[in-house]
Amino acid sequence: MIEIDGLTKKFGQFLAVDNISLTVPKGEVLGFLGPNGAGKSTTMKMVMGFLPPTSGTARLCGHDILTDGLAARAMAGYLPEGAPAYSDMTPIGFLKFAAELRGLSGAARDKAIERAMEQTQIGEVRLQPIETLSKGFKRRVGLAQALLHDPAVLILDEPTDGLDPNQKHEVRRLIEGMAADKAIIISTHILEEVDALCTRAVIIAQGRLLADARPEELHAMAPGHNNVSLLLPEAQATTAETALAALAGVERVEKTSADGAARLVVVPQGRASIVAAVTEAVRSGGWSAADITVDQGRLEDVFRHITLDTHRAA
Amino acid sequence: MNKTLAVFKRELAGYFATPVAYVFITIFLVLSGALTFMMGNLLGRGQADLQPFFNFHPWLYLVLIPAISMRLWAEERKSGTIEMLLTLPLTQCQAVVGKFLAAWAFTGIALALTFPVWITVNVLGGPDNGVIFAGYIGSLLMAGGYLAIGSALSAITRNQVIAFVLTAAVAFVFTVAGTPMVLDFFSGWAPAALVSTVASLSIMTHFQAIQTGVLDLRDLIYFVTLIALFLYANALILDLRKAD
């Protein structure tokens, strides 16, 4: 439903977006990750037809944004960066305005506005000027505007920025609830959001697409992925360390001691899963492990690894 | 059409959302009244017409119209709403025209509120109301011309002060192009065709022609063309530099 085809944007000599292509089918929530200034917003602006690309194009539900922009934009709901809204208007006035430009009128318009306000929970401030609203409410007013016409395509630039944890949870639940019959792109800095929400994530840095994977695949790229950590009494630690290091598929065992207990971290070769072998060894050795945990790998590490590498190469 | 209307309604309501609109209308009415009665000597000259009233309009508009037009696009840029507006399914033409018409309607309201001056001359004498009507039409058209210039220039920047100054400067050039001062400068050396071209570009010349009570098609075409040209430029500017 969203097809991005070789989008490139140059500002003078500066290459902001470098030949990005991807397709987002219906039912997918794609997370756009990347450091500030990586080209996330620029890409979204081009997909929505706000910025003309230097080359390449995008199609929304088959409508080319450059040659058939009006139809393409009609398919999409867009929350621009910072959720801009007319500050002198009330949320209801603002939504009425947006609904009219979406071609909704009369009862259909009122129904759409009620639904969007319900979904984003802004009913209580419907008659307050937007400039007097808190950051969280402003963001949700912008979100309501994007959801107004129940679009097939949703493009949300940092939808949860400025929300408190409860509101973030609500917005994620809202997006999850709609995901089945829409194609959604969200950009975010918050990596936990990728786990909570996205079915797929891409990492962009310096305008280039560096990774395109499901969240669990991204986790698998993390340095500590599938490390198994055990907490053992100090007395058993040395035996265990030797035994575990001898297991097939184990690269090395790291040991740290504190308060009469030792923590062993078993690092597998090639980040393969070794938790079964380790638990088997614990059982047969008769060790009294206080806890055994498997490291999923932190997305932060993957993110830093990928984006900083490009930075150094450039 | 409905979309243009939606933009128009929002923009016009936007003018009245703050006290600025009322302050502006007050200033316009006080200034036009003061100029008409004190400097124009409406009562002392013993003629029942609104010549002194309309004579000051180009100069009044030169200062006041940029204040109306400066927010049209500069404000959208500054607050980022331009991105929201232009990614909604409406054409740039609809957005530009809707906003322009709102500013024009606002000016029309201010102009209509000068009706006590018209009542005054009707009470004191028997003016030719046809000429006065033509004067109002001419004044409205002239305001439209200035507003179109201001709308286009407001799309260049996110700073309303810059929009104001640029508009006042360009509007000044269009106003004085037909004055003897400018024409004398050209007539010494330039071919007659150029002199008459410069003169025909002048807002003042066309306004004065209408103000005499003659609604000539050429003057009408001049203002309509002026408005259309600058609104087209407005759309072009938006296309070239949407984000900033």
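Overview of the structure. Here the structure is a predicted model, which means the values were calculated and not measured.

### Digging into the pairing of strand β2 (residues 14-24) of chain A
Residue and element names in this part refer to chain A. The pairing of strand β1 (residues 2-11) with β2 spans 7 bridges and is classified as antiparallel. Note that in β2 the partner of Phe11 across the bridge is Phe14. Remark: 2 residues form the turn of the hairpin made by β1 and β2, two consecutive strands paired antiparallel; Gly12 in that turn has positive phi of roughly 65°.

### Quick look at helix α11 (residues 180-187) of chain B
Residue and element names in this part refer to chain B. Listed as buried for α11 are Val182, Leu183 and Phe186. The arc that holds every buried residue of α11, seen down its axis, measures 95°, which confines them to one face. Away from the buried face of α11 by more than 90 degrees, exposed residues Pro180, Met181, Asp184 and Phe185 are located. Tucked inside the fold, the buried residues of α11 contact α10 (160-176) and α12 (192-200).

### Looking at the interface of chain B and chain A
Residue-level contacts link 24 residues of chain B with 21 residues of chain A. Note on chain B versus chain A: buried area summed over both sides is about 2,300 Å², and carbon and sulfur give 68% of it. There are 2 salt bridges connecting chain B and chain A. For Lys9 of chain B, the salt bridge identified is with Glu100 of chain A, shortest N-O distance 3.7 Å. Here chain B and chain A share 5 residue pairs in polar contact (both at pLDDT 80 or more) between them. Those elements that place two or more of their residues in the side of chain B that touches chain A are α1 (2-16), α5 (71-79) and α6 (81-86) of chain B.

### Some words on the sheet that holds strand β14 (residues 291-294) of chain A
All names here are of chain A. Taken together, the 4 strands give an open sheet; going across it, the order is β12-β13-β11-β14, and neighbouring strands pair in antiparallel fashion. Bordering the open sheet on either side are β12 (250-258) and β14, each of which pairs with just one other strand. For this sheet, the mean inter-axis angle between neighbouring strands, taken without regard to orientation, is 20°. The strands that helix α9 (residues 234-245) touches are β11 (228-233), β12 and β13 (261-268); relative to β12, the one it contacts most, it runs at about 170°. Across the sheet, helix α10 (residues 275-285) lies against β11, β13 and β14, angled at about 15° from β11, the strand it touches most.

So, how was this worked out
- Residues numbered from 1 in each chain as written.
- Chains lettered and ligands numbered in written order.
- Predicted model: local features only at pLDDT ≥ 70, side-chain atom pairs only at ≥ 80, totals over all residues.
- Heavy atoms only, no water.
- Pairing = 2+ DSSP bridges.
- Helix = DSSP H or I, 4+ residues; strand = E, 2+ residues; numbered from the N terminus.
- Buried < 20%, exposed > 50% of the residue type's maximum accessible area, 1.4 Å probe, protein only.
- Arc of directions from axis to C-beta.
- Contact = heavy atoms within 4.5 Å.
- Buried area = accessible area lost by both parts, 1.4 Å probe.
- Salt bridge = Lys/Arg side-chain N within 4 Å of Asp/Glu carboxyl O.
- Polar contact = N/O pair within 3.5 Å; in protein donor to acceptor, adjacent residues only side chain to side chain.
- Axes fitted to C-alpha atoms, helices over the stretch in contact; angles between N-to-C directions.

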